[in-house]
Every structure is written in C-alpha cells, then in structure tokens.
Amino acid sequence: RIDATVDLAVEASGGPGLAPVEGRRLASEARGVLDVLSNRRDAEVKRALSMVLDAVEALERELELLQRRNMLSARGVALRPCPVSIGADGLVAERALDRVGEVVVHLCLYMRGQQHLLSLPAEVAPDGRQVCFNNTDPADRDTLVAWIFEQQRKERRRELDAVAG
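So, how was this worked out
Starting afresh in each chain, residues are numbered from 1 along the sequence in its written order. pLDDT decides what is reported in this predicted model: residues at 70 or higher carry local features, side-chain atom pairs at 80 or more are listed and counted, and totals for whole chains, interfaces and linings draw on all residues regardless. Excluding hydrogens and water, the side-chain values take into account all heavy atoms of the structure. A run of H or I in DSSP becomes a helix once it reaches four residues, and a run of E becomes a strand once it reaches two; helices and strands are each numbered from the N terminus. Each residue's exposure class comes from its accessible area (1.4 Å probe, protein chains only) as a fraction of the maximum for that residue type: buried when under 20%, exposed when over 50%, partly exposed otherwise. Pairs of residues are marked as contacts when any of their non-hydrogen atoms sit within 4.5 Å. The span you would expect from a helix comes to 1.5 Å times its residue count less one. Confidence of the predictor in every single residue is expressed as pLDDT, which spans 0 to 100. Two strands pair if DSSP finds at least two bridges between them.

> Please explain the overall build of the protein chain as it appears in this structure.
Along its length, the protein chain carries three helices and six strands. Walking the protein chain from its N terminus toward its C terminus, one meets helices and strands in the order β-α-α-β-β-β-β-β-α. Classification of the 165 residues of the protein chain by burial places 32% in the buried group. In the protein chain, once contacts between residues fewer than 6 apart in sequence are set aside, the share between residues at least 24 apart is 69%.

Okay, structure coming up:
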C-alpha cells in the first residue's frame, strides 16, 4: 500500500457501466503488416513506420481516455482528487466517499507520461472510507500494481536524493 492523491469518483453499481469505445485499433493492425517487411532490406523504413505507429497508438489511447471521461461526465460523474492509501486489493480514503455498498470506483492514474482510467467494481464499507476491489479485471489489476510500484520507486528516489543532497 502507498499513500497518494488520486483522481477518483464513485458510482452506484448496476448502472450502465462504461461502454466499449467505438472504433478500430488501426495501429495494431498496421503493426501486423509492418512485421511482414524484411528485416535487412527494409530496416530503415520499418523503423520509421514503427515510430509513426507508436505515435498513432498514443493518440488512440488518448482518444479512448477522452471518450471514457466524456461518458462519465455525461452521467454526472466527476473525478476529483482524493488522498488515499491504496493497494491492489482496495483503498482507504482520507474522507468518506459519497456512497457505501456495491459501487464502481473510477480511478485516473498517471503513469509513464500516460493517463489510465480504471473502472473497478468494489464494496465500500459502512464507514464510507474503506474500499475493497471485487473481481478486478487482470489487466486493470496489472495497471494498478504497476502504478503502485512506480509511485514507490519515485518515493524511494526522493528519499535517496534528500539523503544525498
């Protein structure tokens, strides 16, 4: 567990959920075509195209994030900064959350220059502060754990810099 401030919103469970984002992932399809190119002859072209596809993938991720935020906004769900102690299994909020019982917790995490918007099924305890994540999608759990490790690494680096400085 780490202590952090995250952008967070809580929504009643059983609602419409976040619909899948419309559109095709063109960058991943293009990578399949790019893999067909010969490694020796077309190395420079392949490298240049790979860099372009990296940019397209980043734009696709950003577009998906904007679409998901707009879906939440249209339902009146706003992400707000909230100090928490968070781990892969749940979180403890510094202040009581708006709902208790079965909910969906929306977390916006900033990791390696990218935003990740996770929507996690959860149970908020009667005190309104303790949240236990339930049936978390493995990809979302991996993202959350990677974010926690990154935050721990940053904190260790700050501590070492303070000692060395």
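> Which parts of the structure should I look at to understand the side chain of Gln 151?
In this fold, Gln 151 is placed in helix H3 (residues 138-164). Judged by its relative accessible area of 18%, Gln 151 is buried.

> For this particular structure, what's the right way to read helix H2 (residues 43-74)?
In an α-helix there are 3.6 residues to a turn, and that puts residues three or four apart on one side. Taking 1.5 Å of rise per residue, 32 residues should cover 46 Å, and H2 covers 46 Å from first to last C-alpha, within 8% of that figure. Buried residues of H2: Lys 46, Leu 53, Glu 60, Leu 65, Arg 68 and Leu 72, and no others. Looking at the buried residues of H2, the elements they touch are strand E1 (2-12), helix H1 (26-34), strand E4 (101-111) and strand E5 (114-124).

> Would you mind going over H3 with me for this structure?
Under the 1.5 Å per step criterion, the end-to-end length of H3 is 39 Å for 27 residues, consistent within 8% with the ideal 39 Å. Thr 143, Leu 144, Trp 147, Ile 148, Glu 150 and Gln 151 are the residues of H3 that are buried. If you follow the buried residues of H3, they end up packed against E1, strand E2 (80-87), E4, E5 and strand E6 (130-133).

> Would you explain the confidence of the model for the protein chain in this entry?
The predicted coordinates should not be examined in detail at positions where pLDDT is low. Looking at the protein chain, pLDDT values average 85 and 90% of them are 70 or higher. Put simply, H1 is where the protein chain has its lowest mean pLDDT, 72, and E6 is where it has its highest, 96.

> Explain the environment of Val 104 here, please?
Of note, Val 104 is situated in strand E4. Placed 94 residues apart in sequence, Val 104 and Val 10 show a C-alpha to C-alpha distance of 5.8 Å. Apart from residues lying up to four places away in sequence, Val 104 is in contact with Ala 9, Val 10, Glu 11, Ser 13, Ser 119, Leu 120 and Pro 121.

> Please explain the pairing of E6 as it appears in this structure.
For a regular strand, side chains alternate in direction, first toward one face of the sheet and then toward the other. Across the two faces of E6 the burial differs, with Val 131 and Phe 133 buried and Gln 130 and Cys 132 not buried at all. Relative to E6, strand E3 (residues 90-93) runs antiparallel, the two being bridged by three bridges. Within E6, the position partnered with Gly 90 by the bridge is Cys 132. The sheet contact formed by E5 and E6 spans three bridges and is antiparallel. By the bridge assignment for E6, Val 124 is matched with Val 131. Connecting E5 to the antiparallel partner E6 that follows it, the hairpin turn spans five residues, and Gly 128 within it adopts a positive phi of roughly 80°.

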